[in-house]
Amino acid sequence: MTLLRAGSATDTGLVRAVNQDLALQTTSLFAVADGMGGHVAGEVAARTAIETLATVFRTQPNPDGLVGAVEAANREVWQQGFDNADLRGMGTTVTAVALVEEDGHDILALVNVGDSRTYRFHDGHLDLLTLDHSLAEEMVRNGEITAEEAAVHPHRHILTRALGVAEDIKVDLWRVQPIKGDRFLLCSDGLTNELDDTVITDMLATIRHPQDAANQLVEAARNHGGNDNITVVVIDVVMGDEVDEEQSAGLVVPSEEVLEAEAAAEARAHRQAEAHAEAEAQAAAGPTGPGQEPLLATGESLGQPDALVAPVGAPVLSRRAERRIKRRNRRIARGRRLVTLRTFLFLILAAAIIGAGYFAVRWYDTNSYYVGVDQGHVVIYQGRIGGFLWFHPKAVDHTGVTVFQVPATYIPALQAGVEETSVANAQAYVRNLEQQQREIQATAANPAVTSPLVPGTPPSTTTTMAGVG
Ligand code: MG
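A. Representation of the pattern of salt bridges. Tallied over the entire structure, the rule returns 9 salt bridges. In this structure, the salt-bridge partner of Arg 16 is Asp 228, at a minimum N-O distance of 3.2 Å. On the criterion of sequence distance, the pair formed by Arg 16 in the loop between strand S1 (3-11) and strand S2 (21-25) and Asp 228 in the loop between helix H7 (210-223) and strand S11 (230-239) is long-range, its members being 212 residues apart. A relative accessible area of 42% places Arg 16 in the partly exposed class. Of the residues examined, Asp 228 reaches a relative accessible area of 10% and is grouped as buried. Among the salt bridges present, the one from Glu 102 reaches Arg 175, with a minimum N-O distance of 2.7 Å. Of this pair, Glu 102 sits in strand S5 (residues 94-102) while Arg 175 sits in strand S9 (residues 172-176), and the two are 73 residues apart along the sequence. Of the residues examined, Arg 175 reaches a relative accessible area of 25% and is grouped as partly exposed. Salt bridges linked by common partners bring Arg 117, Asp 132 and Glu 137 together as one network.

If you want it as structure tokens, here you go:
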């Protein structure tokens, strides 16, 4: 026969505006939930979890039933967050102790998800029974950082497991022997972040009644800073199994899953320690050569936490996430280099096209000639008649021939410009016009001589010119 007596207390603390923690205290089921989420979401998450836990546990009051109740609570919180945009992203921790009967014996079933904790105070000693599902604590278990480093680690508030984050949840379970005189403490992190184990131990050792102990623990955490909501449940085993001093401190039996997780963490910590030792040995042997890889690549051989759950506003960075970000940054950097190369090639190509176009236009312009008139003088120009694009015709031969030295019938054509394919052809054309004018003048002076050319039919082609010239 086991008899429990309990007390509980909760407080918003001195910094937070609302209390998102919640305690549950019945005759056989005790729990603490620490909700998170913006606005009212954290409170809703904690309340939904506690209510579902209590309701579902009643239908199957045994260790598996307690695990099932936490799973049901998870689904309920998850579903509400899924259905309601205002509650999206809410979550909660939960740690619970239930007095149940198994194989004809009373036992205490203990479950945990998140970083709220359950301790056992036995024979003057305080033992933490639960494992925190926080990034910092997982790093401690994996041997990556020390407990002291974890206490101030920037990721210490990032949870790796919480109710409401996914449809399924892994629940840690222990079976604990109820020893008469033992005291259990369930609390949110608002207590343990403010008070160290010695203070808690002293208070549990000296304050007799569990309700007084709960009240004073909360008060002490508040006085120490009260940076978070503080919630405490203290359970005394008033009547239970009796063990004498020679016997064990009572049995605490983790579930298979917890044992496996602990063994895996231990193995990782062992590998980590070996890697450190090897790295130190190598460092002592001399500087690392340029071709050698460092022994501890980031994230190598380290255990990976479950999906991360961060309090609102806190950074979320698992090692996996860090590696993912690094990989993405490398891809972006590669992409940038590619963009730079592409841009460079594009510019070269564009410059080549523009250059080729310029030289084609320039070639077209400088290989064109025409014969025109400037201030009564016949002039040979290089370029297109009237100019081409931004190129203006340039006088290349002033010829010394005036408009009076060419047949009058050609003057309008000359004023408009007569195209030729080269300076030589243009010069031949001008000489031909001079020749015609001389013959016209000679005919005028001596009408017996007939002009070989019909006036008004210009020597329009180079071939003709050459023949005439
Ligand atoms: Mg908290």
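B. Seen up close, the pairing of strand S14 (residues 377-382). Burial of S14 is extensive: 5 of the 6 residues sit out of reach of the surface. One ladder, built from 6 bridges, connects strand S13 (residues 369-374) with S14; its direction is antiparallel. What sits directly across from Val 373, in S14, is Val 378. The antiparallel hairpin formed by S13 and S14 contains 2 residues in its connecting segment, where Gln 375 sits at a positive phi of about 50°. Where S14 meets strand S15 (residues 394-402), 5 bridges bridge the pair, whose relative direction is antiparallel. Pairing of Val 378 across the sheet is with Val 401, part of S15.

C. Structural detail: the sheet that holds strand S8 (residues 125-128). Spatially, S1-S11-S10-S7-S8 is the arrangement adopted by the 5 strands of the open sheet, whose pairing is antiparallel. Both edges of this open sheet fall to S1 and S8, since each of them pairs with a single strand only. Averaged over all pairs of adjacent strands, the angle between their axes in this sheet comes to 20°, without regard to strand direction. The pairing of strand S10 (residues 183-187) with S11 spans 5 bridges and is antiparallel.

D. Just helix H2 (residues 63-83), in detail. For H2, spanning 21 residues, the distance from its first C-alpha to its last is 30 Å, which sits close to the expected 30 Å at 1.5 Å a residue. By the burial criterion, the buried members of H2 are Pro 63, Gly 65, Leu 66, Val 67, Ala 69, Val 70, Ala 72, Ala 73, Asn 74, Val 77, Trp 78 and Gly 81. Contacts from the buried residues of H2 go to strand S3 (29-36), helix H1 (41-59), S5, strand S6 (105-113) and S9. Residue Asn 62 occupies the N-cap position of H2, its side-chain oxygen lying 3.2 Å from the main-chain nitrogen of Asp 64.

Definitions and cut-offs
Residues numbered from 1 in each chain as written. Predicted model: local features only at pLDDT ≥ 70, side-chain atom pairs only at ≥ 80, totals over all residues. Heavy atoms only, no water. Salt bridge = Lys/Arg side-chain N within 4 Å of Asp/Glu carboxyl O. Helix = DSSP H or I, 4+ residues; strand = E, 2+ residues; numbered from the N terminus. Buried < 20%, exposed > 50% of the residue type's maximum accessible area, 1.4 Å probe, protein only. Pairing = 2+ DSSP bridges. Axes fitted to C-alpha atoms, helices over the stretch in contact; angles between N-to-C directions. Expected span 1.5 Å × (residues − 1). Contact = heavy atoms within 4.5 Å. Polar contact = N/O pair within 3.5 Å; in protein donor to acceptor, adjacent residues only side chain to side chain.

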